[in-house]
Protein chains: 2
Amino acid sequence: MIQRWMRAKEGESYFRAKDKTRVPPTPPPLRRRPVLPLFTKAKNHGRKTRFSGDSSPLHPSPSQQKTLPSLQNPRPSAMKSSFILLFVFSTIAVAHQTLDPLVLPRPLILEYPSGDDQIFQTPISNVGRDEEVHLRCASWRFAGEANNLAPWKTVPADCGAYVKDYMTGKAYRFDLEMVADEAAAYARSISLVGDGMDAWVFDVDETLLSNLPYYADHGYGLEVFNSHEFDKWVDKAMAPAIQSSLKLYEEILRLGFKIFLLTGRSEGQKIVTVENLKKVGFQDWEKLILRGVNDHGKLATTYKSEKRSEITAEGYRILGNSGDQWSDLLGSSTGNRSFKLPNPMYYIL
Amino acid sequence: MIQRWMRAKEGESYFRAKDKTRVPPTPPPLRRRPVLPLFTKAKNHGRKTRFSGDSSPLHPSPSQQKTLPSLQNPRPSAMKSSFILLFVFSTIAVAHQTLDPLVLPRPLILEYPSGDDQIFQTPISNVGRDEEVHLRCASWRFAGEANNLAPWKTVPADCGAYVKDYMTGKAYRFDLEMVADEAAAYARSISLVGDGMDAWVFDVDETLLSNLPYYADHGYGLEVFNSHEFDKWVDKAMAPAIQSSLKLYEEILRLGFKIFLLTGRSEGQKIVTVENLKKVGFQDWEKLILRGVNDHGKLATTYKSEKRSEITAEGYRILGNSGDQWSDLLGSSTGNRSFKLPNPMYYIL
């Protein structure tokens, strides 16, 4: 079983990032497998766009292909003045909008050679295999929460039981509560300007609403995501509230924040989403932002960055940002502090 | 015991971030406690500068006091073109250097009102307290690894046993191996330019070298950090290698990366640091960067950002960055992907 665990990645599609920033703009040579598209049209039309593992070639956009301007040889004096306290207290580094597409990274995606992840695994004895599988799966979960893992499509096969136990036991609830506690304490510590422009952004799925009943029927992440099935679940408007998030939400409202709900669900699901949210206790928000027709096919990080920046462009100050995916929290206009809720069931790019 | 855990933060100094970006540049009103200095001179002269909990007033630098230019009302069309694929595949959002100090955030630090973190804790029954303490401590650790926690000075009192068990058992080693595996797989997936400018940055303490023997004598993070004692340990040059990091290190070298060691240790500890590194197997590196006289008192995030930017200014491409602290990984010139090694024993700002 351990050997299977150690090779779990072999039979799965583990996709890795390859950012060729500052590397000459020729397409990178591939290693065994074709490069994957970044801009696959979202199949999961009515939801957060997941990473799609299609194997058609990547075609970077023209802006991406441009050589980046040299940040490599700025004058030291100019640099020195600019380094003071960059992003120190943003929980996630705040990506300041430079309004210059030339300084954007040009990420590429490719699949690693099979079995390339195994060499550092310490040989596991035959004794205590279950314990070791548990520990390996815990390491996998922590690596994901710290954003060390490359994008993945399903939970590692041998971690199915671990993830199910985690999600259905106390650990997940405690983790959620800890994040909500930290967020609430932070929110209370802020002296709001009080002009109605103090904002907090919440993701919806696995941040305010729990889709655990759905994932219980789909292996808690062991199955490859099926957008058609998931949309049928969404349309039922039956997702329960994450209780710690609901308490945080009410506290954030009480403190005077304007709340923005920013979800990867599509505009077509607006009515059921509102119905679901209100039914389980989320009553007030400034704006519910869903993917419009122009947003489909965008990476979640891109879509959410754009929408957050539209919020700040209206004059709102995003002081807090809560989401279960790193794609909720990275990018631009991320706000002064971000809070990563746990989610070992799926990864959205 | 649980009640003590729930109030663990009360008796400790839990410092929180307050970023007043885009808020008028008046000093923020305090809540009960004085604002803390950002630029306290490092007492722990020979090491990573830790967060110093002095209670003297904060004096933001002039550049910090300036009102930030408005990113709130850029033209939508200009914004749209610039949002494409921001930071998508950087594990940590890459903070692109804008060379404009006006767009820097102005973080402030203050201490939360006592006991402000408790309200969302679910009441804990008398049954199964040990299990619940364990789970709460696991949640605390998870929150730290995901960078959800505000800066902290010591491990929560009730989590001392948990952290000791974690550090001395298999879990820590497995977590380290998982991160090294991911980093190695990523490194192998990159097609290096091969001009000698492909770079990887490693932190030293708790990234390449383990100070576990020291922390075993100091409560695994339960004691407030004592720089004098720690420096005596450093001078012994007896820190063992983190084995998974050593394997990764050798793989990175074999692949042709230039390695930069970027440590919060001071220049005065260069000789013992080199001795220690070489003794345990780290043989080759391009440059070992330590805190010079001008770097003391800087936040680790600032210091490391500056030094990484000097590296890129020399033309190197930082493709990977490994560290156990978020301050190793946030800021500017963070590289194409970052890898956060676990460390529940201390937090460095």
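Definitions and cut-offs
- Residues numbered from 1 in each chain as written.
- Chains lettered and ligands numbered in written order.
- Predicted model: local features only at pLDDT ≥ 70, side-chain atom pairs only at ≥ 80, totals over all residues.
- Heavy atoms only, no water.
- Helix = DSSP H or I, 4+ residues; strand = E, 2+ residues; numbered from the N terminus.
- Buried < 20%, exposed > 50% of the residue type's maximum accessible area, 1.4 Å probe, protein only.
- Contact = heavy atoms within 4.5 Å.
- Areas by Shrake-Rupley, 256 points an atom, 1.4 Å probe, with all protein chains shown as cover.
- Phe/Tyr/Trp six-rings, centres within 6.5 Å; stacked < 30°, edge-to-face > 60°.
- Lys NZ or Arg CZ within 6 Å of the ring centre and 35° of its normal.
- Arc of directions from axis to C-beta.
- Polar contact = N/O pair within 3.5 Å; in protein donor to acceptor, adjacent residues only side chain to side chain.
- Pairing = 2+ DSSP bridges.
- Axes fitted to C-alpha atoms, helices over the stretch in contact; angles between N-to-C directions.
- Parallel < 35°, antiparallel > 145°, perpendicular 65-115°, else oblique.
- Left-handed = near helix turned anticlockwise from the far one by under 90°.
- Nonpolar A, V, L, I, M, F, W, Y, C, P; charged D, E, K, R; others polar.
- Salt bridge = Lys/Arg side-chain N within 4 Å of Asp/Glu carboxyl O.
- Lys, Arg positive; Asp, Glu negative; His and termini not counted.
- Core = buried A, V, L, I, M, F, W, Y, C linked by side-chain atoms within 4.5 Å.

By the naming in an unreviewed UniProt entry, chain A goes by Acid phosphatase 1 and is assigned to Elaeis guineensis var. tenera.

To continue, consider the overall build of chain A. Within chain A one finds twelve helices and seven strands. Burial analysis of chain A (349 residues in total) assigns 66% to the buried set. A separation threshold of at least 6 residues defines the contact pool for chain A, and within that pool the share at least 24 residues apart is 76%. Per element, the accessible surface of chain A, about 11900 Å² overall, is 55% carbon and sulfur.

Counting across every chain of the model gives 33 aromatic pairs over all chains. Counting every residue linked through ring pairs, the aromatic cluster contains Tyr-186, Trp-200, Phe-202, Tyr-249, Phe-257, Phe-282 and Phe-339 of chain A. Directly above the ring of Phe-174 of chain A sits Arg-136 of chain B, whose terminal nitrogen or CZ lies 3.8 Å from the centroid. The aromatic ring of Trp-285 of chain B is capped on one face by Lys-278 of chain B, whose charged end is 4.8 Å from the ring centroid.

Okay, helix α8 (residues 227–235) of chain B next. All names here are of chain B. By the burial criterion, the buried members of α8 are Ser-227, Phe-230, Asp-231, Trp-233 and Val-234. Looking straight down α8, one finds its buried side chains confined to an arc of 155 degrees; they lie on one side. Contact partners of the buried residues in α8: α7 (212–216), β4 (258–266) and α10 (270–279). Two to three positions downstream of the cap, the backbone nitrogen of His-228 sits 3.0 Å from a side-chain oxygen, assigning the N-cap of α8 to Asn-226.

What follows covers the pairing of strand β3 (residues 198–202) of chain B. Residues and elements named next belong to chain B. Counted residue by residue, β3 has five buried out of five residues, so it is predominantly covered. On β3, burial covers both faces: Asp-198, Trp-200 and Phe-202 on one face and Ala-199 and Val-201 on the other are all buried. When β3 meets strand β6 (residues 317–323), the two strands line up parallel, connected through five bridges. Bridge pairing in β6 places Ala-199 opposite Ile-318. Taken together, the four bridges between β3 and β4 define a ladder with parallel strand orientation. By the bridge assignment, Phe-202 is partnered in β4 with Leu-261.

Bringing the sheet that holds β3 of chain B into the picture now. Residue and element names in this part refer to chain B. The five strands lie next to each other as β5-β4-β3-β6-β7, forming an open sheet whose pairing is parallel. Every interior strand has two partners, whereas the edge strands, β5 (287–291) and β7 (337–340), have only one. Neighbouring strand axes in the sheet, compared pairwise and without regard to direction, differ in orientation by 20 degrees on average. Together, β4 and β5 form the strand contacts of α10, whose direction differs from that of β5 by roughly 140 degrees.

Next up on the list: the packing of helix α4 (residues 129–145) of chain A against helix α6 (residues 170–189) of chain B. Relative orientation of the contacting elements α4 of chain A and α6 of chain B amounts to 50 degrees, with a least axis distance of 9 Å. Taken together, the axes of α4 of chain A and α6 of chain B are oblique relative to one another. As for the relative orientation of α4 of chain A and α6 of chain B, their crossing is right-handed in sense. Residues Glu-131, Glu-132, Leu-135, Arg-136, Ala-138, Ser-139, Trp-140 and Ala-143 of chain A of α4 of chain A touch α6 of chain B, and the partners they reach there are Lys-170, Ala-171, Phe-174, Asp-175, Glu-177 and Met-178 of chain B. Of the residues in the contact of α4 of chain A with α6 of chain B, the class split is seven nonpolar, one polar and six charged.

Moving on, we come to the pattern of salt bridges. All names here are of chain A. Inspection of the entire model under this criterion finds 38 salt bridges over all chains. With its nearest N and O atoms 2.7 Å apart, the salt bridge here joins Glu-145 to Lys-340. In this pair, Glu-145 is assigned in helix α4 and Lys-340 in strand β7 (residues 337–340), connecting sequence segments 195 residues apart. Side by side, Glu-145 and Lys-340 carry an identical accessibility label, which is buried.

Attention now goes to the sheet that holds strand β3 (residues 198–202) of chain A. Residue and element names in this part refer to chain A. Spatially, the five strands line up as an open sheet ordered β5-β4-β3-β6-β7, and their pairing is parallel. Every other strand in the sheet has two partners, leaving β5 (287–291) and β7 as the edge strands with one partner each. Across the sheet, the mean angle separating the axes of adjacent strands is 20 degrees when strand polarity is ignored.

Time to look at the side chain of Arg-265 of chain B. Residue and element names in this part refer to chain B. Take Arg-265: it is sitting in strand β4. Taking relative accessible area as the criterion, Arg-265 reaches 0% and is therefore assigned buried. Within the structure, the side chain of Arg-265 is placed 3.0 Å from the side chain of Thr-273, a separation counted as a polar contact.

With that settled, the discussion passes to the side chain of Arg-308 of chain B. All names here are of chain B. When you line up the elements, Arg-308 lands in helix α11 (residues 300–313). Of the side chains bearing the opposite charge, Asp-328 lies closest to the buried Arg-308, which forms no salt bridge; the N-O distance is 6.4 Å. In this structure the side chain of Arg-308 is engaged in a polar contact, spanning 3.3 Å, whose partner is the side chain of Ser-305. Not counting residues within four places of it along the chain, the set of residues in contact with Arg-308 comprises Leu-262, Ile-318, Asn-321, Asp-328, Leu-330, Gly-331, Ser-332, Ser-333 and Thr-334.

This part is about the pairing of β7 of chain A. Residue and element names in this part refer to chain A. Every second residue of β7 is oriented toward a common face, with Arg-337 and Phe-339 on one face and Ser-338 and Lys-340 on the other, all of them buried. Bridge count between strand β6 (residues 317–323) and β7: four bridges; the pairing is parallel. Directly across from Ser-322, in β7, lies its bridge partner Phe-339.

Residues of helix α8 (residues 227–235) of chain A that are buried in the fold lie against α7 (212–216), β4 (258–266) and α10 (270–279) of chain A. Looking at the residues trailing α8 of chain A, positive phi occurs at Ala-237 of chain A, about 55 degrees.

This brings us to the environment of Ser-338 of chain B. As for its placement among the helices and strands, Ser-338 of chain B is situated in strand β7. Through-space distance from the C-alpha of Ser-338 of chain B to that of Ile-318 of chain B is 9.9 Å; in sequence the pair is 20 residues apart.

The subject of this paragraph is the nonpolar core. Counting residues in hydrophobic clusters, the biggest one holds 133 residues, and the most contacted among them are Trp-200, Phe-202 and Leu-261 of chain A together with Trp-200, Phe-202 and Leu-261 of chain B. In this view, Leu-261 of chain A contacts Phe-202, Val-204, Leu-208, Tyr-249, Leu-277, Trp-285, Lys-287, Leu-288 and Ile-289 of chain A; residues no more than four positions away in its chain are not counted.

A word on the environment of Arg-188 of chain B. Residues and elements named next belong to chain B. Within the secondary structure layout, Arg-188 lies in helix α6. Its relative accessible area of 7% is what places Arg-188 among the buried residues. Counting along the chain gives 64 residues from Arg-188 to Ile-252, while the straight-line C-alpha distance between them is 8.3 Å. Side chain to side chain, Arg-188 and Glu-251 meet in a polar contact 2.9 Å long.

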